[in-house]
Amino acid sequence: MKHPKSTAHEFLLETLQNSKSDVTLIAIGPLTNLHAVEKLSPGVLSKAKRIIIMGGCIKEEGNCPKTNLISEYNFGMDGNAAHCVLNASNNVVLFPLDVTNHVQFDMDQILARYCILVGSTLLKKS
């Protein structure tokens, strides 16, 4: 895939609508762009084979200053987006703060091998 010349959500929309192969989205930040995609074209996120999200928390204390540390940062910064995306597809895999606080990985290695970074959203290479 070429680097997008449009906004992140326009690139995501075009990719989901026109991809001839499966698309897996990996969101490692607030879900604002995925929310924008779903608002532009309702149901389009369900075209993704899988949406992997780093967000939310179960037992861990939150880390979002906007919510006085009650919620996890990615969900707390745009709660409406989180709600929309979590309800837009049956193929969501969620990795809450409880998991990400205990698992470390090298982002450069992941990006180089598997993904294309678009804003705060990772797209799996074909």
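Cut-off values and rules
- Residues numbered from 1 in each chain as written.
- Predicted model: local features only at pLDDT ≥ 70, side-chain atom pairs only at ≥ 80, totals over all residues.
- Heavy atoms only, no water.
- Core = buried A, V, L, I, M, F, W, Y, C linked by side-chain atoms within 4.5 Å.
- Buried < 20%, exposed > 50% of the residue type's maximum accessible area, 1.4 Å probe, protein only.
- Helix = DSSP H or I, 4+ residues; strand = E, 2+ residues; numbered from the N terminus.
- Contact = heavy atoms within 4.5 Å.
- Arc of directions from axis to C-beta.
- Salt bridge = Lys/Arg side-chain N within 4 Å of Asp/Glu carboxyl O.
- Pairing = 2+ DSSP bridges.
- Right-handed = clockwise from strand over helix to strand, strands pointing away.
- Polar contact = N/O pair within 3.5 Å; in protein donor to acceptor, adjacent residues only side chain to side chain.

A.B. asks: Help me out: how do you make sense of the nonpolar core in this one?
C.D. replies: Most often, soluble globular proteins keep nonpolar side chains buried together rather than apart. Counting 19 residues, the largest nonpolar core has L16, L25, L31, L34 and L45 as the members making the most contacts within it. Secondary-structure elements contributing two or more residues to this core are α1 (8–18), β1 (24–27), α2 (32–40), β2 (50–54) and α4 (79–88). Per-element tally for this core: the top contributor is α4, with four residues. For L16, the residues in contact, after removing those within four places along its chain, are V23, L25, V37, V44, L45, K47 and A48.

A.B. asks: How should α4 be read in this particular structure?
C.D. replies: Because an α-helix packs 3.6 residues into every turn, residues spaced three or four apart end up facing the same way. For α4, every residue scored as buried is listed here: A81, A82, C84, V85 and A88. The buried residues of α4 occupy an angular sector of 165 degrees when the element is viewed end-on, so they sit on one face. Exposed side of α4, more than 90 degrees from the buried face: N80, H83 and N87 are the residues found there. Those residues of α4 that are buried are in contact with α2, β2, α3 (73–76) and β3 (92–95).

A.B. asks: Got a minute to help me understand the pattern of salt bridges in this structure?
C.D. replies: Pairing of side chains with opposite charge becomes possible as their charged atoms draw close. Inspection of every chain in the model, using the stated rule, returns one salt bridge. A salt bridge links D22 to K49; the nearest nitrogen and oxygen atoms lie 4.0 Å apart. Taken together, the residues D22 in the loop between α1 and β1 and K49 in the loop between α2 and β2 connect sequence positions 27 residues apart.

A.B. asks: Just checking my understanding: could you explain the environment of V93 for this structure?
C.D. replies: With respect to the helices, strands and loops of the structure, V93 is situated in strand β3. Once the C-alpha coordinates of V93 and M54 are considered, the two residues, 39 residues apart in sequence, prove to be 8.7 Å apart. Other than its neighbours up to four places away in sequence, V93 contacts R50, I51, I52 and I53.

A.B. asks: Explain the pairing of β2 to me, please; I cannot follow it from the model alone.
C.D. replies: In the case of a regular strand, side chains alternate between the two sheet surfaces. Sheet topology places β1 next to β2; four bridges connect them, and they run parallel. Of the residues in β2, the one forming a bridge with T24 is R50. Each parallel crossover has a hand, and for β1 linked through α2 to β2 it is right-handed.

A.B. asks: Mind showing me how you'd approach the environment of K66 here?
C.D. replies: Mapped onto the fold, K66 is located in the loop between β2 and α3. Here the alpha-carbon distance between K66 and G76, two residues ten residues apart in the chain, equals 6.8 Å. Those residues within four positions of K66 in sequence are excluded, and the remaining contacts are G76 and M77. For K66, the side chain forms a polar contact with the main-chain oxygen of M77, separated by 3.2 Å.

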